[in-house]
Every structure is written in structure tokens, then in C-alpha cells.
Amino acid sequence: MFFSDIAQSVGSTSMLPPVPGLSSESFASAVMRIARFRGQTVVVKLGGSAMEDPAATHACLLSVVTLNHLGIPVVLVHGGGKPIDRAMAEAGLTPRKVAGRRYTDDATLAIVVRVLKDEINLGIVAQLRDLGCNAVADSGILYGKRLQIPGPDNLPVDLGHVGKVTQVDRTAITGLLRQNTVPVIPSLAHGKDGGWLNVNADTAASAVAGALKANKAIFLTDTPGVLRDRNNPASLLAKLTETECRELIATGVIDGGMVPKVEACFEALEAGANAALILDGRVRFSLLDVFLHDTFSGTEITR
């Protein structure tokens, strides 16, 4: 596929050489297929093992740049769980879980903010710019409040500086998109006291997709998508409705770590996104496949 050839040929930040074996007809067909989505906003959440694989990350960012050049507005939202865990280990801190969620005390929050905002976010922006795309690090977009979940006694569980998004600065994002700029947003929110809150990246992406009424909310993760049999990748369910997903959750087909991913899709749809997709971010150019082919590696969920 010609996008794979392009990725292999990227050796500098300037001009790309011709792609061997690419016919003019194939190029025209590919561009025409993608152009159907011109002007339709896409929110992409980058996370999981996809961020641990440099080749997969490069393919994702090159896909974002390609879509941007072809007139598809893209917003990139990212987390950084594994780099945060490594940074905490280096600082001698042990991650603490409360009710299955990461507890974020003052020391942990300082590391989370540094890794997400000052390291990963700026690194992604630098890579996008090297690939020829105008990108902006934007950590002032999300606002939230402390997340409270009920404990066994139905009393609120204290998770520290963990938050949920209550407001998205839609005006700021759309302003950047009108300038053909890719906003790169870390999963951090401003709290009422002006301090930072650690936000789940999936729910952050859902909030952004809903606020923008995005055509697609795309979650790049480290699974093939929703499987009828988790041990059989060939049992991938390519298209599901929200109702069908809820039935699969009730019957235990969707379980474990896939449940919060699917629920993030529900949140995006409820907030106003047209469709939500769970893609295997380990598959190079899985993001572009959504726009180039009728079938792709992942699951699309609609209302």
C-alpha cells in the first residue's frame, strides 16, 4: 500500500521521494476516497501499547499528517500510563490503586503533569512538525472536577487529584482547526482551584469528540477491537450498535478491560459524536485504513 511505502521512505523532514510502483490511478482512487471526509472532524486517542512501539507511533502520526494535508480536521488526545509508571518507579514511588483506579497524590500528580504535558505532549508536537504538519501543544483545553465514585458503603471514594471532564474549550479547538492546525491535548484538566487533575485519556477523548460533534471518535489501543471470542482474533465484530454492545456486556462477551473502552465510545456517542471506533494501534496505518477501505482492523460502534 502506498502509505506504507511513504512511511518507509521518510528519512528527513523535507521532501518525500517518489513512491515506486504507485500508479496514478491508484493514487487518484485513494485521494478521492479520503476526500469524502474532507471537513469532517476526527478525534484520535493515542494510547496503550501503540505508544510503546516507535514504528506504530510514527505510522499513526504520519496518518494524522496525511489526513490534515487532505483537509480532514484532526484532534489528537493522548495519555501516557506506561511512561508515568516508569517515571514513578525512577522516583521511588509505588502506584496505588483505590477501587481499581490509580490514586493520584501530590507527588504522583507532579510526575503525571511533567510526563504528559512537558514530555509526551511536546514530543508528539515535535514529531508532527517534523513530518510537515502544523501542530500545537494545547493543555489548556479541558476543565473538570474531582471524580468521585461510590465505595462498598456507598460513600464517595477519595482518588486524590483524579478528575472528570466537565467542560471543553470548543472555541479554542475549532479556532486551531480553522487554521489547519492539529491540536495535541494531554489527558489533564484544570480543576476549580486552578490545579491540575489527572483524567482518563479515553474519557478525555470522548468529551472532546462530543463537544466538537466529531464525525469519528477513534480510540487507538492494544487490542484488535471487540471480539466474540477473546482468544480468537478472527472473531472480530467489525460493526456494532450501542444496543448490541450493551447486550454483549450483559452476557459477558465484552468484559474486563474492554468494558471501559466500549463505555468511552458510548460517552462519545451520547455527547454528539457520529461514530466511535476501537482500532488496533499496533497495526501500522490502521488509522488510515478507516478512510481508505471498507473494512479495517477494528470495531465501529454507532447509536
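Residues numbered from 1 in each chain as written. Predicted model: local features only at pLDDT ≥ 70, side-chain atom pairs only at ≥ 80, totals over all residues. Heavy atoms only, no water.

Peer 1: Break down the nonpolar core for me, citing the residues and quoting the values.
Peer 2: Most often, soluble globular proteins keep nonpolar side chains buried together rather than apart. In terms of nonpolar packing, the biggest core is built from 48 residues, with Leu128, Ile218 and Phe291 touching the most fellow members. Considering each element in turn, this core owes the most residues, 10 residues, to helix H5 (residues 106-130). Formed by 40 residues, the second largest nonpolar core is a distinct cluster that contains Val168, Leu248, Met258 and Leu269. (Core = buried A, V, L, I, M, F, W, Y, C linked by side-chain atoms within 4.5 Å. Buried < 20%, exposed > 50% of the residue type's maximum accessible area, 1.4 Å probe, protein only. Helix = DSSP H or I, 4+ residues; strand = E, 2+ residues; numbered from the N terminus.)

Peer 1: I'd love a proper account of the side chain of Asn121, names of residues and values included.
Peer 2: Assignment of secondary structure puts Asn121 in helix H5. Here the side chain of Asn121 touches Val184 through a polar contact of 3.0 Å, landing on its backbone oxygen. Ignoring anything within four residues of it in the chain, the contact list for Asn121 reads His78, Leu116, Ala137, Asp138, Val184, Ile185 and Pro186. (Polar contact = N/O pair within 3.5 Å; in protein donor to acceptor, adjacent residues only side chain to side chain. Contact = heavy atoms within 4.5 Å.)

Peer 1: So what's going on with the sheet that holds strand S10 (residues 182-186)? Which residues, and what values?
Peer 2: Reading across from one edge, S5-S10-S2-S1-S13-S15-S16-S14 is the order of the eight strands in this open sheet, with mixed pairing throughout. Only two strands of the sheet have a single partner each, and these edge strands are strand S5 (135-137) and strand S14 (239-241). Taking the axes of each pair of neighbouring strands and ignoring which way they run, one obtains an average angle of 20 degrees across the sheet. Note: strand S13 (residues 216-221) against strand S15 (residues 276-280), five bridges, orientation parallel. Looking at S15, one finds that Ile218 is bridged to Leu277. Lying on the sheet, helix H3 (residues 54-69) is in contact with strand S1 (42-46), strand S2 (74-78), S10 and S13; it crosses S2 at an angle near 155 degrees. (Pairing = 2+ DSSP bridges. Axes fitted to C-alpha atoms, helices over the stretch in contact; angles between N-to-C directions.)

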